[in-house]
Amino acid sequence: MSLALRNVSRTFNGTTAVKGVNLEVEPGEIIGLLGTSGCGKSTLLRAISGLDPEYDGEIEINGNVSREIQDTASFIFQEPRLLPWLNVLDNVTFGLTGKRKDKENKAIDYLESVGLSDKDALYPRELSGGMAQRVAIARALVTSPEILLLDEPFSALDAFTKMQLQDLLLDVWKKYQSTIVMVTHDIDEAMYLCDRVVILKGQPGEVEREIRIEQKRP
Ligand code: ADP
Ligand code: ADP
């Protein structure tokens, strides 16, 4: 799914947080958003997702201008944000509609792909940070999103878990060719995952430059 930001700005109470951002993203492209803290990376993700419709300018998704919540988009945050009163399985089925059994089968498939099919009955408090983030990934993917919006998804994890989940993300991307916009502070991660890196400078956040990365993906 293609994505285009045209002259997108966001002002909070008279203060401009993001100014005049233009960005064209091709279907299946993986974009890294980099920049110092407070330069508007999260603000841009929220605008794209439709969670924050109060920006100026236009955002086009597959050629259509829209400010609605994007059902075809999923968010993954730095922290898992699981619902503590639901077990792993119910956290993953939560956003699905349909018959209970179908939802559960689908959730189990995705838990399997993140290596957690035997943890379905556990509660969030019983999981390690890495496991909880895997559940968050399964929950984000189970709806087959065409756009994945990631806000520092791996930065709270140890180096080994981080590498595993980066590869998991690539596996998923290969399978579904989702369009991915990912905020990261990790240059190595951006070099490993992204087709293009967009560097913002603040404040207000503006695109400073774009760097294309030649990825040799099998
Ligand atoms: P980043 O993700 O790059 O760290 P943010 O997008 O979170 O930056 O924030 C960009 C700027 O906008 C910051 O100065 C932040 O304080 C401000 N900001 C973000 N959201 C709000 C809000 N809801 N109300 C007021 N200011 C906000
Ligand atoms: P982070 O970038 O650290 O992950 P977020 O950008 O997700 O944090 O911010 C979480 C919430 O706080 C969002 O709803 C955002 O709009 C709000 N927020 C961020 N900065 C400010 C601010 N300066 N004033 C008010 N609300 C803010």
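It should be emphasised that the depicted structure is a prediction, and the values quoted were computed from it without experimental measurement.

On to helix H4 (residues 129-141), then. With 13 residues, H4 extends 18 Å between its outermost C-alpha atoms, agreeing within 8% with the 18 Å of an ideal straight helix rising 1.5 Å per residue. Counting buried positions over the 13 residues of H4 gives 10, a clear majority of the element. Those residues of H4 lying buried are Gly130, Ala132, Gln133, Arg134, Val135, Ala136, Ile137, Ala138, Ala140 and Leu141. At its buried positions, H4 is contacted by strand E6 (73-76), helix H2 (88-93), helix H3 (100-113), strand E7 (147-151) and helix H5 (159-176).

Moving on to the side chain of serine 9. Structurally, serine 9 can be placed in strand E1 (residues 3-12). With relative accessibility at 14%, the residue serine 9 sits in the buried group. Discounting residues that sit within four places of it in the chain, serine 9 has contacts with Val18, Lys19, Gly20, Tyr55 and Asp56.

What follows is about the packing of aromatic side chains. For the coordinates displayed, the defined rule picks out two aromatic pairs. Taken together, a centroid distance of 4.7 Å and an interplanar angle of 5 degrees make the contact between phenylalanine 75 and phenylalanine 77 stacked. Judged by centre distance (6.4 Å) and plane angle (20 degrees), the ring pair of tyrosine 110 and tyrosine 176 falls under stacked. Of this pair, tyrosine 110 sits in helix H3 while tyrosine 176 sits in helix H5, and the two are 66 residues apart along the sequence.

How each quantity is defined
- Residues numbered from 1 in each chain as written.
- Chains lettered and ligands numbered in written order.
- Predicted model: local features only at pLDDT ≥ 70, side-chain atom pairs only at ≥ 80, totals over all residues.
- Heavy atoms only, no water.
- Helix = DSSP H or I, 4+ residues; strand = E, 2+ residues; numbered from the N terminus.
- Expected span 1.5 Å × (residues − 1).
- Buried < 20%, exposed > 50% of the residue type's maximum accessible area, 1.4 Å probe, protein only.
- Contact = heavy atoms within 4.5 Å.
- Phe/Tyr/Trp six-rings, centres within 6.5 Å; stacked < 30°, edge-to-face > 60°.

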